[in-house]
Protein chains: 2
Amino acid sequence: MPDVKALLFDTFGTIVDWRGSLIADFTAWGEARGLTVDWAALVDAWRSAYRPSMDEVRSHPERGFLTLDELQRQSVEPLAARLGITGLSRDDFDHLTLGWHRLKPWPDSVPGLTRLKTKFVISPLSNGNVALMTNLAKYAGLPWDVILCAEIFQRYKPDPEVYLGAAKLLGLRPEQVMLVAAHNYDLIAARACGLKTCFVPRIAEYGPHQKEDFEATSDWDFVVADIEDLASRLGC
Amino acid sequence: MPDVKALLFDTFGTIVDWRGSLIADFTAWGEARGLTVDWAALVDAWRSAYRPSMDEVRSHPERGFLTLDELQRQSVEPLAARLGITGLSRDDFDHLTLGWHRLKPWPDSVPGLTRLKTKFVISPLSNGNVALMTNLAKYAGLPWDVILCAEIFQRYKPDPEVYLGAAKLLGLRPEQVMLVAAHNYDLIAARACGLKTCFVPRIAEYGPHQKEDFEATSDWDFVVADIEDLASRLGC
């Protein structure tokens, strides 16, 4: 890959463990308040609402763009009601929504990114909004060079504007940029835009509910064990 | 300033020494090629073309946005001709334009930013484009949390969309954001948008041609000696 200059990383699932982090965070917060709640059920239902809520924005551009923070805040309250979770205030739901800003990286993420940063521009390419990605990077110690995400392009992945917009902002041709992701659908869209592709399996992402992305479903340019393995493969 | 969460920094002049860096870079490059050129004259003329070229974009939004890299590339070739500099190829002018990606920080910038980053979100708020700001940060070791700049908003400072857009992307109210700049005009515009303001004098920025900004011309929220002084004043 002599010509690749920048590596873009899907973030939720690929770099950070959203499910384990949110369940642990909410459990500790709930215990301190004497709440008995099946937090795993809420987190799993919340994540299930994630893609449909973005697809709604993608299908109706005339309604304007809503950030992931806004979509998450909208979906959590009715989901909690449906699961019989009661006694939470508006401030509590705000707090839970900000839980997405406090996620822990997989163990290989920070050492791998730190090595890759020595040779490449590294950036997230996430559907998260700028504030979320910025706060998350500070919390998790992610050493990004720049933060590129859906909000900047007012489009959600897998719309091509996100992948092509990122290459353009970096002053690079699509083939000089590689997307690293744990989700095959994301890589399909990136490849269609001319980007290079790297699959990293995160088979624990959805816990017992993982149904796909156990392995690469196409001949991606790289298939690696984790981010440190990618660093080694790229000579970092 | 108990409520300020993010610090935005003008970059050219405030954080990096564009004039000294470009003259040194071009002099070394020219000597290696046996060129005898008054590089200081070119750099000074180039910088003089900077604001008018951006004002042209600001006055004619219907013509579309041009990045600072594009504006700098457009202006350097006729300026060189006017100064009697001959024998440079297109590639040479491309190389000179990329000189703006290789600027050195003032001595206090990196240690000051590193301290401020422990308590605040830190970002540039520059008229430079994303690729330029990203490459510059890597070259100069600027430890930004996120990169906000004119290109993201498709507007140049001092248009209010840049200051207000930065606060919005950070999920903050304008008064939760402070602009740090060596240029009073920038702070005037930031204050008009409701941002907090900090002046840092860089009286060597323009070398012998410095004509203004020797001192604060208004009662900015902070007036500091340098970025390390700001870190001390903010308890970092």
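This is a predicted model, so every value here is computed, not measured.

K.L.:
Which residues make up the domain arrangement of chain A, and what values go with them?
P.N.:
It is common to give the size of an interface as the accessible area that goes away when the parts come together. Residue and element names in this part refer to chain A. The domains assigned to chain A are domain 1 (6–17 + 103–234) and domain 2 (19–101). Averaged C-alpha coordinates put domain 1 and domain 2 at centres separated by 23 Å. Residue-level contacts link 26 residues of domain 1 with 20 residues of domain 2. Overall, the association of domain 1 and domain 2 removes approximately 2,000 Å² of surface from exposure, summing both partners, and the carbon and sulfur fraction of that is 55%.

K.L.:
Lay out the sheet that holds strand S8 (residues 222–223) of chain A with the relevant residues and their values.
P.N.:
All names here are of chain A. Judged by pairing direction, the sheet is parallel, and its six strands sit side by side in the order S5-S4-S1-S6-S7-S8 without closing on themselves. Looking at the sheet topology across the chains shown, the edges are occupied by strand S5 (148–149) and S8. As judged from the two bridges shared by strand S7 (residues 196–199) and S8, these two strands associate in the parallel manner. For Phe199, the partnering residue across the bridge sits in S8 and is Val223. Across the sheet, helix H8 (residues 160–169) is in contact with strand S1 (6–9), strand S4 (121–126), S5 and strand S6 (177–181); its angle to S4 comes to roughly 155°.

K.L.:
Can you break down the pairing of S4(A) residue by residue, with the values?
P.N.:
Both faces of the sheet carry side chains from a regular strand, because those side chains alternate between them. Residue and element names in this part refer to chain A. Burial analysis of S4 places six of its six residues in the buried class, the great majority of the element. Of the two faces of S4, the one lined by Val121, Ser123 and Leu125 and the one lined by Ile122, Pro124 and Ser126 are each fully buried. Two elements, S1 and S4, share four bridges in a ladder whose sense is parallel. The residue of S4 that forms the bridge with Ala6 is Val121. With two bridges connecting them, S4 and S5 associate as parallel partners. Pairing of Ser126 across the sheet is with Cys149, part of S5. Of the crossover connections in this fold, the one passing from S4 over helix H6 (residues 130–140) to the parallel S5 is right-handed.

Scoring rules and cut-offs
- Residues numbered from 1 in each chain as written.
- Chains lettered and ligands numbered in written order.
- Predicted model: local features only at pLDDT ≥ 70, side-chain atom pairs only at ≥ 80, totals over all residues.
- Heavy atoms only, no water.
- Domains from an automatic or database assignment.
- Contact = heavy atoms within 4.5 Å.
- Buried area = accessible area lost by both parts, 1.4 Å probe.
- Pairing = 2+ DSSP bridges.
- Helix = DSSP H or I, 4+ residues; strand = E, 2+ residues; numbered from the N terminus.
- Axes fitted to C-alpha atoms, helices over the stretch in contact; angles between N-to-C directions.
- Buried < 20%, exposed > 50% of the residue type's maximum accessible area, 1.4 Å probe, protein only.
- Right-handed = clockwise from strand over helix to strand, strands pointing away.

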